[in-house]
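In case you want the letters, here they are:
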Amino acid sequence: MPGQLRLPIPCSGTAGGSPTVTRPIETQIPPPGDRERCREFHDRHGREAYTLFAADGAARGQPMHLMHKYWARKDWYAVRACIEHYTRPGDIVLDPFCGSGVTVAEALITERRALGIDLNPMATFITEMVTTPVSERALRRAFAEVERAVKDKIIDTYRLDGACSRCGTDGSLIAWHTIRGSRPPSDYVVEPLCLTCHATSDERRISASEAQRLTALEKRLGQIAAAEELWWPAEARLEYPNARRYRQKRRIERFEQHFTRRNLLNCARLLNAIRAVRQRDARRALLYCFTSHLACVSAMNGKHVSGSGWMMNRFYVPPDFYDESVWERFRRTYEKLCRANAQTAALIGERKATVVCASATDLHMIASGSVDYVFTDPPYGDSIDYYELTDFWRAWLGLEMDHADEIIINASQGKDVGAFGEMLTRAAGEIYRVLKPGAWCSVAFQNKDAAVWSAFNTAFARPGFELMRVVPQPPSAKSFTMTWTEGSPKTHVLVHLRKPTGQGGRRPRPALPPTLADLVGESLRHLQDNGAHSPSLASVYDEVVSRWLTATYGTDGAAPSLGGGSFTLKDVKRTLEELLGDGGRQ
């Protein structure tokens, strides 16, 4: 077919079709550091599967996958175990919702041919950066070029009075953090950092002269920007083309309002210097570093929140927030980039992936029956607004995205659960088409509402996929939302599907209990019988969903009766509390 992709062959492995897999992965995939569980996994699923379990393996994959913030990123070791189990070297692995590129990277590392598709240009940009090493020499030169251009100008805007309490150097202090908010400048709190010995001092109240310099600088923002010919996304608004607003905790009109005026100025200076870098690959790597550090230097960086700067999966400026030094944060992010780049070079080297910015609902560029395996992580209904959230980065990079094909439940886009199910069904049909007969598809999914699971059910059953196994897969680390939001699922579920070969009939479905109480009780007893003496709400909910999905798969999305309606995570919690009689467990 004209316009179809010709995949590069990045390895010396022998191609020739997927291995014969007689059964799906039926157990949770353990992290590499857990030797006992890893050996048990090997014994159950074959010695060729998931061979990495050395003590130093627990860190493998982390720098490259954790360099840049992204949502619902799957643990590299779970993705790798699936790829190794369902394919062999030389096979083609596809992820049509490639996100931050974990599947694409792990496919290359295990010497498979990798194909990543995503509608979001930010996702394909991140995937390309994760899987493509840059010359270490070119990267160092590019950073030095940016450093010469803007370091001193940026640092001068954070200067503090006095000498370092540790090394005694006078004039070497900058504000590493400035705690700001609705308070007046005279009440700001600073955390001094010495540029000579790199030690930090205890937080203190900003001095009168320091507050005056900061106020004067921020009043001159427009004048400085004009003199230096700086640009930032001043007109980018938190709304769709139909003027419907993004979901957020406080009403903020434009992206620039997520930054203090000082940090807005310095981010613009930094971006201007990066865009002037002549070497293309190094420039793109530094832009990747720039977007990675953005949230940390924004007002979303809450005083008591560590990590990426995102407090939740929304745009939210807390009452007190850290105003970080732009240069110091960028420098530290650059150091992370160097570690990630070195790991990419060591594990992937010259192997290349094919990464395409396109909709999963139309994979016309891939020939029918050409893909050996799919591991993917589609949007979770209304859980994460990828278009909205990544716009924070895309606005600075000037990347445009047509949200019309985004598969999501979002009232501002006019998409309900029905629209979500219809679009996911089209994507599942394309996945089915491009897979070889007998090939496998593993889908990571989660939602707190059975109505969304019902849409998922229909989407993959309608093209003809056989449901082989549903396995809860707890993440190695819980996100802020998982930890602090009561109504949020605490784990992910891996659904293993297979494209039939045309031989044999559809697999029989187990019977579904008549009520939710029966289903919860049955799930609870199963977990207790298998060693979980005090199962958590998360494990019970996952078991309920797994049993329900298996029992109703192929019924064209019909929700379970369970007393006359669907169910949610809160319904399961309430039912579990009634069964246990002691308030249940979280």
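Predicted model only: the values in this text are computed from it and were never measured.

Caption draft 1: Spatial organisation of the overall build of the chain. The helix and strand tally for the chain stands at 18 helices and 11 strands. Within the chain, contacts between residues at least 6 apart in sequence are counted, and of these 73% link residues at least 24 apart. Only carbon and sulfur atoms are counted for the fraction: they give 48% of the accessible area of the chain, which is about 24,300 Å².

Caption draft 2: Highlighting empty space enclosed by the protein. Tallied over the entire structure, the rule returns 3 cavities of 30 Å³ or more. Considering only enclosed or pocket space, the largest cavity measures out at about 370 Å³ in volume. Lining the largest cavity are 28 residues, and of these Phe97, Cys98, Gly99, Asp118 and Asp377 lie nearest its centre. For the lining of the largest cavity, the residue count by class is 15 nonpolar, 6 polar and 7 charged. In this model, the second largest cavity occupies a volume close to 110 Å³. Together, 13 residues line the second largest cavity, and Met129, Thr132, Tyr288, Leu337 and Asn341 are the ones closest to its centre. For the lining of the second largest cavity, the secondary-structure elements that each account for two or more residues are α5 (121-131), α10 (280-294) and α11 (326-347). Taken together, the residues of the lining of the second largest cavity break down into 10 nonpolar, 3 polar and no charged.

Caption draft 3: Molecular detail of the environment of Glu147. Position of Glu147 relative to the elements: it lies in helix α6 (residues 136-156). Glu147 sits in the partly exposed class, given a relative accessible area of 27%. C-alpha of Glu147 to C-alpha of Ala273: the two residues are 126 residues apart in sequence and 8.5 Å apart in space.

Caption draft 4: Up close: unusual backbone geometry. The backbone of Glu111 sits at a positive phi, close to 65°, despite the residue not being glycine. Note on placement: Glu111 falls in the loop between α4 (102-109) and β2 (113-118). According to the relative accessible area criterion, Glu111 is partly exposed, its value standing at 30%.

Caption draft 5: A look at the packing of aromatic side chains. Under the counting rule described, the total for this entry stands at 29 aromatic pairs. With centroids separated by 4.9 Å and ring planes inclined at 40°, the aromatic side chains of Phe456 and Phe460 adopt a geometry described as tilted. One end of the pair is Phe456 and the other is Phe460, both in helix α14 (residues 450-461) and 4 residues apart, which spans about a single turn. Each member of the pair Phe456 and Phe460 is classed as buried.

Caption draft 6: Broad picture of the side chain of Thr376. Relative to the assigned elements, Thr376 resides in strand β8 (residues 371-376). Note on Thr376: relative accessible area 0%, which makes it buried. Looking at Thr376, its side chain comes within polar contact range of the main-chain nitrogen of Phe97, at 3.4 Å. Setting aside chain neighbours within four positions, we find Thr376 in contact with Asp95, Pro96, Phe97, Ser442, Val443 and Ala444.

Caption draft 7: Quick look at the packing of α6 against α10. Two elements in contact, α6 and α10, have axes separated by 9 Å at closest approach and are oriented at 65°. At the point where α6 passes α10, the crossing takes the right-handed sense. In contact with Ala138, Leu139, Ala142, Phe143 and Val146 of α6, α10 contributes Ala282, Ala285 and Leu286.

Caption draft 8: Focus on helix α13 (residues 417-434). With 18 residues, α13 should reach 26 Å at 1.5 Å per residue; the first-to-last C-alpha distance of 26 Å fits that figure. Of the residues making up α13, those classed as buried are Phe420, Gly421, Met423, Leu424, Thr425, Ala427, Ala428, Glu430, Ile431, Tyr432 and Val434. In this structure, the buried residues of α13 make contact with β1 (92-95), β8, β9 (435-445) and α14. Taking the backbone nitrogen of Gly418 as reference, a side-chain oxygen 3.1 Å away marks Asp416 as the first, capping residue of α13.

Caption draft 9: View of α4. Burial within α4 is extensive, with 8 of its 8 residues counted as buried. Those residues of α4 lying buried are Val102, Thr103, Val104, Ala105, Glu106, Ala107, Leu108 and Ile109.

Caption draft 10: Region of interest: the sheet that holds strand β4 (residues 189-194). Strands sit in the order β5-β4-β3-β6 across an open sheet of 4 strands; the sheet is antiparallel. Of all the strands in the sheet, just β5 (204-205) and β6 (320-324) have a single pairing partner and so form its edges. With 5 bridges connecting them, strand β3 (residues 173-181) and β6 associate as antiparallel partners. Residue pairing for β6: His177 is matched across the bridge by Glu324. α11 contacts β3, β4 and β6 of the sheet and is inclined by roughly 105° relative to β3.

Caption draft 11: Spatial organisation of the sheet that holds β1. Here 7 strands make up an open sheet; going across it, the order is β7-β2-β1-β8-β9-β11-β10 and the pairing mixed. The sheet terminates laterally at β7 (354-357) and β10 (466-473), the two strands that pair on one side only. This sheet shows a mean twist of 15° between the axes of neighbouring strands, independent of strand direction. Across 2 bridges, the pairing between β1 and β8 is parallel.

Caption draft 12: Structural context of the confidence of the model for the chain. Per-chain confidence: the chain averages 86 in pLDDT, with 87% of residues scoring 70 or above. Contacts of residues 479-485 to residues separated by more than four positions or lying in other chains number 14 contacts, the stretch itself having pLDDT below 50.

Caption draft 13: Just the environment of Trp440, in detail. Residue position: Trp440 is located in strand β9. For Trp440, a relative accessible area of 3% corresponds to the buried category. Taking the C-alpha atoms as reference points, Trp440 and Thr87, 353 residues apart in sequence, are found 9.0 Å from one another. Residues contacting Trp440, with those up to four places away along its chain left out, are Val21, Arg23, Pro24, Tyr86, Asp372, Tyr373, Val374, Leu435, Met468, Leu497 and Arg498.

What counts and what doesn't
Residues numbered from 1 in each chain as written. Predicted model: local features only at pLDDT ≥ 70, side-chain atom pairs only at ≥ 80, totals over all residues. Heavy atoms only, no water. Helix = DSSP H or I, 4+ residues; strand = E, 2+ residues; numbered from the N terminus. Contact = heavy atoms within 4.5 Å. Areas by Shrake-Rupley, 256 points an atom, 1.4 Å probe, with all protein chains shown as cover. 1 Å grid on protein atoms, 1.4 Å probe; cavity = no way out; pocket = protein on both sides within 12 Å on 5 of 7 lines; lining within 4 Å. Points joined across faces, edges and corners; volume = space filled by probe spheres on them. Nonpolar A, V, L, I, M, F, W, Y, C, P; charged D, E, K, R; others polar. Buried < 20%, exposed > 50% of the residue type's maximum accessible area, 1.4 Å probe, protein only. Phe/Tyr/Trp six-rings, centres within 6.5 Å; stacked < 30°, edge-to-face > 60°. Polar contact = N/O pair within 3.5 Å; in protein donor to acceptor, adjacent residues only side chain to side chain. Axes fitted to C-alpha atoms, helices over the stretch in contact; angles between N-to-C directions. Left-handed = near helix turned anticlockwise from the far one by under 90°. Expected span 1.5 Å × (residues − 1). Pairing = 2+ DSSP bridges. pLDDT = per-residue confidence, 0-100.

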